[in-house]
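What follows is each chain in one-letter form.
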Amino acid sequence: MNTLPNPLGGERRFYAWRGWQVAYVVRGHGEPLVFLHSIHAAAWSAEWRHTVPALAEHATCYALDLLGFGASDRPAISYTADLYLELVRDFLRDVVAAPAVLVGSSLGGTYAIEVAATHPELVRAVCAIGPAGVSRLVRNGGVAGDMVQGLFRTPVIGEALFQALVSRASIRFFLKDIYADPIAPEALDLFWQSANQPNARYAPAAFVGMRLNVDIRRSLPAVAQPLLLVWGTAAAQTPFREASAVRALVPKAEFVPIRAGDLPHDEHPRLFNPVLQHFLGALPVAAAA
């Protein structure tokens, strides 16, 4: 049984989707914002713990734990990018039930852009933080990816490899790469807790096997909704130098660099939150249902 805390406040609920329970936190009142976390071995919605409370004063915030992460079920299935795109689409239709602003980090930002392009009726605007899918994390892993994913999914060797990957020392080393400033002990503990839940290795195995990648080079220019791009100038997973390739595809998008690593919203919320609030405040008034 999943025993993760709820560092976002509000209420944790569950969305019954295709026979599984997908966890999300809802907090606040007003226009809907849907937050999609980044993807790595320890990923979950806790990375929004400094943003959701601030935005919930004027919006209804939904912070999703993608299937296989956080407090959601973690079945031993074949995880793919299409699975997550369909999950986000269905969540918007079934739970939010109104055009929402999507706020996504890294691959979560990639998924937000793809859903906005393919289902514009569900998405009012997008804030993508260091999105992949243009310069990297574009292609499927192929045979080599299948081999890597299969290794992590094996009962004995895979479990041992993953446990080494998600030890406190390993997670601390990883976080030092994606945070520009020293890591808060609270962040390390929250990520470690998520990575050490039962069956935690299956979704990250798909990520390592490059099964969660999406090529958004065609869909990105098709996004008609307002788009805010935020990038950490010290980002390591999707380096700041790659922002130019994304911006070239959407020159109309608002672009804000922040002196931070890959998770500026978690590392420097006092810089990130006002940027997001300003973007939201400038959006056209939502049409009545």
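Above this text sits the structure in question.
All figures in this text were calculated on a predicted structure; none of them were measured in a lab.

Engineer: What should I look at first to understand the pairing of strand β1 (residues 11–17) in this one?
Structural biologist: When a strand is regular, its side chains alternate between the sheet's two faces. As defined by bridge partners, β1 adjoins strand β2 (residues 20–28) across 7 bridges and the pair is classed as antiparallel. Paired with Y15 across the bridge in β2 is V22. Connecting β1 to the next strand, β2, in antiparallel fashion are 2 residues, including R18 with a positive phi near 55 degrees.

Engineer: Mind showing me how you'd approach the packing of helix α2 (residues 81–96) against helix α3 (residues 107–118) here?
Structural biologist: For any two helices packed against each other, one specifies the inter-axial angle together with the distance between the axes. For the pair α2 and α3, the least separation of the axes is 10 Å and the interaxial angle reads 65 degrees. Of the two possible hands of crossing, α2 and α3 adopt the one that is right-handed. Residue-level contacts link A81, Y84, L85, V88 and L92 of α2 to Y111, E114 and V115 of α3. Of the residues contributing to the contact of α2 with α3, the split by class is 7 nonpolar, no polar and 1 charged.

Engineer: It is not clear to me how helix α11 (residues 269–281) should be interpreted in this structure. Could you clarify?
Structural biologist: Note: α-helices contain 3.6 residues per turn, so residues at a spacing of three or four share the same orientation. Compared with an ideal rise of 1.5 Å per residue, which puts 13 residues at 18 Å, α11 spans 17 Å between its outermost C-alpha atoms and is within 8% of the ideal. Looking only at α11, the buried set comprises P269, F272, N273, V275, L276, F279 and L280. The buried residues of α11 occupy an angular sector of 160 degrees when the element is viewed end-on, so they sit on one face. Residues of α11 that are exposed and angled more than 90 degrees away from the buried face: R270, H278 and G281.

Engineer: Looking at this structure, I do not really get the sheet that holds strand β3 (residues 31–36). What am I missing?
Structural biologist: Across a sheet, strands are paired by hydrogen bonds formed along the backbone, either parallel or antiparallel in direction. With mixed pairing, 8 strands are arranged side by side in an open sheet as β1-β2-β4-β3-β5-β6-β7-β8. Looking at the sheet topology across the chains shown, the edges are occupied by β1 and β8 (254–258). Strand-to-strand twist in this sheet, taken as the mean axis angle between neighbours without regard to direction, amounts to 20 degrees. Relative to strand β4 (residues 59–64), β3 runs parallel, the two being bridged by 6 bridges. Each bridged residue has a counterpart across the sheet, and for E31 the counterpart in β4 is A59. Together, β3, β5 (100–105), β6 (123–129), β7 (227–232) and β8 form the strand contacts of α11, whose direction differs from that of β7 by roughly 170 degrees.

Criteria and thresholds
- Here the residue index of a chain counts from 1 through its sequence in written order.
- In view of the model being predicted, local features appear only for residues whose pLDDT reaches at least 70, and side-chain atom pairs are presented and counted only at 80 or more, with totals across whole chains, interfaces and linings using the full set of residues.
- Calculation of side-chain values draws on the structure's entire complement of heavy atoms; hydrogens and water are dropped beforehand.
- We treat two strands as partners when DSSP finds at least two bridges between them.
- Numbering of helices and strands runs from the N terminus; a helix is a DSSP stretch of H or I covering at least four residues, while a strand is a stretch of E covering at least two.
- A fitted line through C-alpha atoms represents every axis, and for helices the fit uses only the stretch in contact; the resulting angles, taken between N-to-C directions, go from 0 to 180 degrees.
- Put simply, a crossing is left-handed when the front helix is turned counterclockwise from the back one by less than a right angle, and right-handed when it is turned clockwise.
- For this analysis, residues touch if any pair of their heavy atoms sits within 4.5 Å.
- All residues other than Ala, Val, Leu, Ile, Met, Phe, Trp, Tyr, Cys, Pro, Asp, Glu, Lys and Arg, Gly among them, are scored as polar; the first ten of these are nonpolar and the last four charged.
- By this rule the span expected of a helix is its residue count minus one, scaled by 1.5 Å.
- Between buried and exposed lies partly exposed: a residue is buried under 20% and exposed over 50% of the maximum accessible area for its type, with that area taken using a 1.4 Å probe on protein chains only.
- Working note: the arc is built from the helix axis to C-beta atom directions.

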